[in-house]
Amino acid sequence: MLEATLGNTVAGVLLPSGRSEVPPFMVMDVMTAAERIEAAGGHVIHMEVGQPAAPAPKVAIAAAEAVLRSGRIDYTSALGILSLRQRIARHYRQTYACDVDANRIVVTTGSSGAFILAFLAMFEPGDRVAVTVPGYPPYRHILTALGCEPVPIETTHESRYALTGEALLAAHRKAPLKGVLVASPANPTGTMMSQDALKDLIAAAEQAGIRFISDEIYHGLDYAFPAVTAAELSPHALVINSFSKYFCMTGWRVGWMVVPEPLVRPIERLQQNLSISVPTLSQIAAEAAFDGREEMEAIKHGYQQNRSILIEGLPKAGLTKFLPADGAFYLYADVSDFTSDSFEFAREMLEKANVAATPGVDFDPIHGRAFIRFSYARSAEEMQEAVARIAGWLK
Ligand SMILES: Cc1ncc(COP(=O)(O)O)c(C=O)c1O
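Just so we're clear, the structure is a prediction, and the values are computed from it rather than from any experiment. (Residues numbered from 1 in each chain as written. Predicted model: local features only at pLDDT ≥ 70, side-chain atom pairs only at ≥ 80, totals over all residues. Heavy atoms only, no water.)

Draft legend 1. Layout of the site of the ligand. Neighbouring residues of the ligand: 14 residues in total, closest Ser 112, Asp 215, Tyr 218, Ser 242 and Ser 244. Here Asp 215 contributes a side-chain N or O atom positioned 2.7 Å from a nitrogen atom of the ligand. Within the contact set of the ligand, an oxygen atom lies 2.7 Å away from a side-chain nitrogen or oxygen of Ser 242. For the ligand, the protein covers 92% of the area, taking 400 Å² as the surface of the free molecule. At 4 residues, helix H5 (residues 110–122) tops the list of elements feeding residues into the shell around the ligand. (Near = heavy atom within 4 Å. Polar contact = N/O pair within 3.5 Å; in protein donor to acceptor, adjacent residues only side chain to side chain. Areas by Shrake-Rupley, 256 points an atom, 1.4 Å probe, with all protein chains shown as cover. Helix = DSSP H or I, 4+ residues; strand = E, 2+ residues; numbered from the N terminus.)

Draft legend 2. Representation of a nonpolar patch on the surface in the model. Taken together, the side chains of Ile 116, Leu 120 and Leu 274 define a hydrophobic patch exposed on the protein surface, amounting to about 240 Å² of accessible area. For Leu 274, the location among the structural elements is in helix H9 (residues 264–274). (Patch = residues over 30% accessible without salt bridge, like charges linked within 9 Å, V, L, I, M, F, W, Y side chains within 5 Å. Salt bridge = Lys/Arg side-chain N within 4 Å of Asp/Glu carboxyl O.)

Draft legend 3. Main features of the pairing of strand E9 (residues 330–334). In terms of residue burial, E9 counts as a mostly covered element, since 5 of its 5 residues are buried. Examined bridge by bridge, E9 and strand E12 (residues 371–375) share 5 bridges and lie antiparallel to one another. The partner of Leu 331 across the bridge, within E12, is Phe 374. (Buried < 20%, exposed > 50% of the residue type's maximum accessible area, 1.4 Å probe, protein only. Pairing = 2+ DSSP bridges.)

Draft legend 4. Summary view of the packing of H5 against helix H6 (residues 137–145). The geometry of H5 relative to H6 is characterised by a closest axis approach of 10 Å and an angle of 40° between their N-to-C directions. Viewed along their axes, H5 and H6 adopt a mutual orientation that is oblique. At the point where H5 passes H6, the crossing takes the right-handed sense. Together, Ser 112, Phe 115, Ile 116 and Phe 119 of H5 and Tyr 139, Ile 142 and Leu 143 of H6 make up the contact between the two elements. (Axes fitted to C-alpha atoms, helices over the stretch in contact; angles between N-to-C directions. Parallel < 35°, antiparallel > 145°, perpendicular 65-115°, else oblique. Left-handed = near helix turned anticlockwise from the far one by under 90°. Contact = heavy atoms within 4.5 Å.)

Written out as structure tokens, the structure is:
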């Protein structure tokens, strides 16, 4: 009897929760397939991973080395090191001429850590939160894991693949929304929202009582026109950013939020309990990274060159349809002239041309089978080589 009870308990404990049933990230499967080719001596051009090829700014690495030598690495306050929060506030003044009180800045474990804190502080289980399709998959999966309901809204060519106030309100009329999250520049499309488009969307959301979250992780990597921060447009918007992309610090796991004033203390309490504080070494390096702008601008210039190589080269190679590559380091190409399954297309391109890219199904369960995402965060030579290989393969 006791044995049976124990057996059930153990079996019950070992069963994963329903909320952990989130889909995997398919880009990882592409990476594994690429590794197999490389292990067999092939040379793969990696355009699947959304990660800068360059390391962190030299000043950031030097600051981390210096503090490591000093011996102690202690906890910091849950909201982050004050001088880093003040430096981030200065960044808003310098970059956007926007006054943000340092008390509203919260340092986070990458923007990924920020999503968890923001969703927990803003939403109840069961709340419906709109996200764009195509879009970054973890938005949907984190919301699901936290018991919220992601509501995908399709974007269209007419709005440059950005969510419009009209589309948001149409979804809200069908069933009420509690929040909305958008990114500009966006992943996987690289498309951006104009200042007017962002302003209209925030106004529509606020009038309808829908809480607004802006993922600004690709700010700094804007080529078509300057990116606009939601912090400039509303004190009620929650802004999320990170040192991962512009500052090339993915593995340091440090990001930040600009939080509406009433949410600062709730988020502080959540962070105290969930992680105590963000890794101290990374916070110190991140503060120094702001002095590495010259280095980062040179890297951005490299992305700009890569973008031109792809925009000019891919049509000659046969891929003529892609979305406006306004920012970030992505180009989202429509491959429906070649296939009805972009996963199969990506697999063949990897095997035959040794070019790795990500199938759109990760980002868009509806139309993703027609699209491939290319990441152009590596060298210009590799971009040229990739275009030549694709041209040879598609011939
Ligand atoms: C749109 C977007 N948001 C957030 C993230 C998460 O980045 P991190 O947690 O490194 O800041 C990524 C990573 O690729 C992304 O593409």
